[in-house]
Structures are given as C-alpha cells and as structure tokens.
2 protein chains.
Amino acid sequence: MPTGAISSLTLNRLSLYLRCLRRLREEGLSTVSSLTLADRFHLSAAQIRKDLAQFGEFGIRGVGYDVNKLTDRLSGLLGLDRTHSILLVGAGNLGSALARFLSFEDRSFRVVAAIDSDPKKIGTEIGEVPIHGPAELQTVVRNTGAEIAVLAVPTDEAQEIYDRVIEAGIRSVLNFAPVRLARDPDVPTKSVDLRIFLEELGYQLQARQVATDAAT
Amino acid sequence: MPTGAISSLTLNRLSLYLRCLRRLREEGLSTVSSLTLADRFHLSAAQIRKDLAQFGEFGIRGVGYDVNKLTDRLSGLLGLDRTHSILLVGAGNLGSALARFLSFEDRSFRVVAAIDSDPKKIGTEIGEVPIHGPAELQTVVRNTGAEIAVLAVPTDEAQEIYDRVIEAGIRSVLNFAPVRLARDPDVPTKSVDLRIFLEELGYQLQARQVATDAAT
DNA sequence: CCATGTGAACAAATTCACAGCA
DNA sequence: TGCTGTGAATTTGTTCACATGG
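Predicted model, so just to flag it, every value in this text is computed and none were measured.

Definitions and cut-offs
Residues numbered from 1 in each chain as written. Chains lettered and ligands numbered in written order. Predicted model: local features only at pLDDT ≥ 70, side-chain atom pairs only at ≥ 80, totals over all residues. Heavy atoms only, no water. Pairing = 2+ DSSP bridges. Helix = DSSP H or I, 4+ residues; strand = E, 2+ residues; numbered from the N terminus. Near = heavy atom within 4 Å. Polar contact = N/O pair within 3.5 Å; in protein donor to acceptor, adjacent residues only side chain to side chain. Nonpolar A, V, L, I, M, F, W, Y, C, P; charged D, E, K, R; others polar. Contact = heavy atoms within 4.5 Å. Buried area = accessible area lost by both parts, 1.4 Å probe. Salt bridge = Lys/Arg side-chain N within 4 Å of Asp/Glu carboxyl O.

Participant: Which residues make up the sheet that holds strand β3 (residues 64–66) of chain A, and what are the values?
Facilitator: All names here are of chain A. Read from one edge of the open sheet, 3 strands run β1-β3-β2, paired in antiparallel fashion. Both outer strands of the open sheet, β1 (31–32) and β2 (59–60), are each paired with one neighbouring strand and no more. Note: β2 against β3, 2 bridges, orientation antiparallel. From the neighbouring strand, Ile-60 faces β3, where its bridge partner is Gly-64.

Participant: Can you break down the protein's contact with DNA strand C residue by residue, with the values?
Facilitator: Close contacts around DNA strand C come from 22 residues, with Ser-34, Arg-49, Phe-58 and Tyr-65 of chain A together with Lys-50 of chain B the closest. Between DNA strand C and Gly-59 of chain A there is a distance of 2.9 Å, counted from a phosphate oxygen to a backbone nitrogen or oxygen. Looking at the surface near DNA strand C, the elements that each hand over two or more residues are α3 (45–53) and β3 of chain A together with α1 (8–26) and α3 (45–53) of chain B. The residue inventory of the surface near DNA strand C, partitioned by class, reads 6 nonpolar, 8 polar and 8 charged.

Participant: Lay out the protein's contact with DNA strand D with the relevant residues and their values.
Facilitator: Taken together, the neighbourhood of DNA strand D is formed by 24 residues, with Lys-50 and Arg-61 of chain A together with Ser-34, Phe-58 and Tyr-65 of chain B sitting nearest. The sugar-phosphate backbone supplies 61% of the atoms of DNA strand D found within 4 Å of the protein. Here a phosphate oxygen of DNA strand D and a side-chain polar atom of Arg-13 of chain A are 3.0 Å apart. Between a base oxygen of DNA strand D and a side-chain N or O atom of Lys-50 of chain A, the distance comes to 2.9 Å. For the surface near DNA strand D, the secondary structure elements donating two or more residues are α1 (8–26) and α3 of chain A together with α3, β2 (59–60) and β3 (64–66) of chain B. Taken together, the residues of the surface near DNA strand D break down into 7 nonpolar, 9 polar and 8 charged.

Participant: Which residues make up the interface of chain B and chain A, and what values do they have?
Facilitator: Contacts between chain B and chain A engage 64 residues on the former and 64 residues on the latter. On the chain B side of the contact with chain A, Leu-198, Glu-199 and Leu-205 of chain B bury the most area, a combined 12% of that side's loss. Where chain B touches chain A, the interface holds 6 salt bridges. In this structure, the salt-bridge partner of Arg-19 of chain B is Asp-193 of chain A, at a minimum N-O distance of 2.6 Å. Going through the elements one at a time, α1, α4 (67–77), β4 (84–89), α5 (93–103), β9 (172–175), β10 (189–191) and α8 (194–215) of chain B are the ones with two or more residues in the side of chain B that touches chain A.

Given below as structure tokens:
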C-alpha cells in the first residue's frame, strides 16, 4: 500500500535498513525483529516498524521480519532490482573518483559514460568509462540510455550544465557543485555539498572551544 | 546570544547562506534583504530570518542585512575564521579525490596528512599531502595537530579505524564508509553515505515509472 | 506469549502573519 | 514605507504504549 509520497528522511532510512538486512543475510539469519535490528545497528525499533508498515504488513507478529522477503521488497521499492545507468559530467578529481566509487555498486548503478570539456581528456577513459566532449552530450545520452547525471563540475557552470543534461534527456540529477540549482520540477534532483559536512564539524569544534573557554 | 544547541538542519542552512553572501559580496552588494536573498537563491525568506535571529539582531528594519557583517558573523560562528587541519584516512580513489577537493577550500580546511595501509603508497604523496603508514597514526596526529579525520576506508574496517583515530587524539570525524558507527559521544561525528543519494534518486525514478505505468 | 502495526502524545521544523522599528 | 524579528498556527517527524494477531 504505497500511499502518498515517501519523505526523503524515510527513504534514506530504508536504504540503511536494506544495507543492514543484506549484512544479516550474509550472516545466514533468516528472520529478524525490529528490536534486534535496532540494537545491532543503533537504530530505533519503533521507527523501523513505522517505516516498514507504510508498505503493508511485512512482519509476522511474535516473530519478526523475513530477511529475504524484506530485502527484496526494499530493493524493489528503491528501484534497485534493475541497473541504472549514470552519466558522469565533469571528469576532474572528484568526478573520476565518483566514477570508480559509484560503479562498484551491486549492479544497481553503473557509470556508463563521462563528459568533460578538456580536449586532453576527450577520447580517453576513467577505468572503463569513455570520456566524450560536451558536443556529444545528446548522442551519448541517447546511445547509452543514461538516466542519472552526476554533476561534478565547477560552481559557475553547474546551472547551465544542469539545464543542458535535462534538455538532452536525462531523467534525474545528482549534483555535487555547491550551488542552489533552479530545478526542473519534473526531474528528481538531489544536491550534495561536501563542504557543508565539514563546516558542520567546524561549528561543533568551534562550539566546544567556546564552551571549554567559558568553563575556566 | 547563542542560546541552545543549533540543529544540524539550521547549521547546514547557515553554511548555505554564507556561500550566497560571499557571492553577493563579490558582486559588490553591501546590503541584502531576506527576500532578495531568498529570491536569488531559491530559499525561504521567513526561514532566513528565523535562522539568523537566533544569534541576535543583525538586520536593520526597513533595509536588510549588512553583507560584510553577516558574512563575518557566520564565518565566526561556523569556526571558519581559522584553519582546521584534516587527516585523511584511506588514500584510495575516493580518499585521494577528497584530499584534493577538500583542500582547495578558502583556507578554512586543509588536508595535512594521509594514512594508508598499502605499503606501496606509504612514503608517497597525493598532491602535496604525504602518506604515512597506520603505525604512525598517533605521531602524525600529534605533529600535524590534525583535528578532523576524514574516513575513506573499507566498510568492515571503519569502526576499528574510527576508534583508533579517536584514541590517537582526533577531535572530530567525517565518515564516508557506509556503516552506522558506534560513536564516541565526545567526538562530533558525521557520516555521509554517497550511495544513499543515488538510491533516493533510484526510488524517484522507480516511482515515476510506476505512476506512468498505472496511468496507461 | 511475543513482536508487529498503529493511534495518540510529543517534539521539531517550517510557515504564516503581523507588531514594531529604522 | 519596508523589512526585520517573533509569537502563534501548521505541518512534519519521532516516540510511546498498547491492542491485535500469529
């Protein structure tokens, strides 16, 4: 019963649960209760139940959840039971690393091609991934059937490139450039700003500093 | 008036505002209203005001905020007015990319050293960053004064390494391994699982698919 | 009897709407 | 007049506690 839209928060937890379940499956466990799962991975049992209950009754009262069934259900829900093709845009440091990192996935995601404007890079490869020039964008999207664009491009170019990959037929975007994009409402778009994570830690360190100073 | 703890959500927005303000400063703007800021960067004006008001009255009614003053205030708050030294742990694909990526910051963060267990890497450098062996962990932390550890290590090793860097005197951790760490309550710790972002997009694509299928 | 599924209580975050000040 | 700062209203998310069913 996939009623309304699932919140991003919930969705992220589902990914997490899935990861935990896979682990348990490897360990040969066939059944798990919300409490066990919570204890084992530092989660909240009530929340696990709430989250899972959104999609119908999957547990067996008095017993728990069937690890295999639940794994499959969550995989399906997140669309991980098929392969998504990724187009990497920007083959610099971060881009190249992402190309390798995101591919070694369990076949749910695969980087199929890259675009970069540097003439020295065009025609070469990152791992097995061929690098094309910006002019070929449309052709590459068509030929590879890439659905997701991963943007690892300079800040000032991000918006323009965003618009262009959508124009070229990309269905969703994961953006690593630190800009607030003007989004296309029809294209699921997610932005990740790696600096923000550091800055949050910066604040925490700062705050402790102030606290200890005051304590003396 | 930094009353209570600031939530992670708020903190992340503050980073964002700061980035926007820097941009405006470059453009020569000296004053900006919450509404302008919101329009320009697709944010919420009310939220900007709420967020900023937590730290005292910074705006001028009828006018807006002083770009320079606010920039400085936010920098200070986030601890960006001094340099934080980062120790990179794990110099694989992702690690190496992060070393370069996180360093080109505005001097608020600098990767000062890396640790890797691969004997072939020990003694070499990523960019300007020297790679040390795990045995030197404690010494390196002491000598460099590194405050933040960035973990880009295999999943199964992450927990052990987490415990060890803290043992070695690291003050906060940014973890890229896809595990729920058992955290030290005294050490600000942030985990980033890059796959989760992709999986969220996977869901959105999946959901659209289902929706369009049903519509036919 | 035991763990799920869930309504009700609670908490957090966001948005609204406007009083108050430059 | 125009925009901030803020209580109050609303929405969203989490936790509690227990009735329900295998």
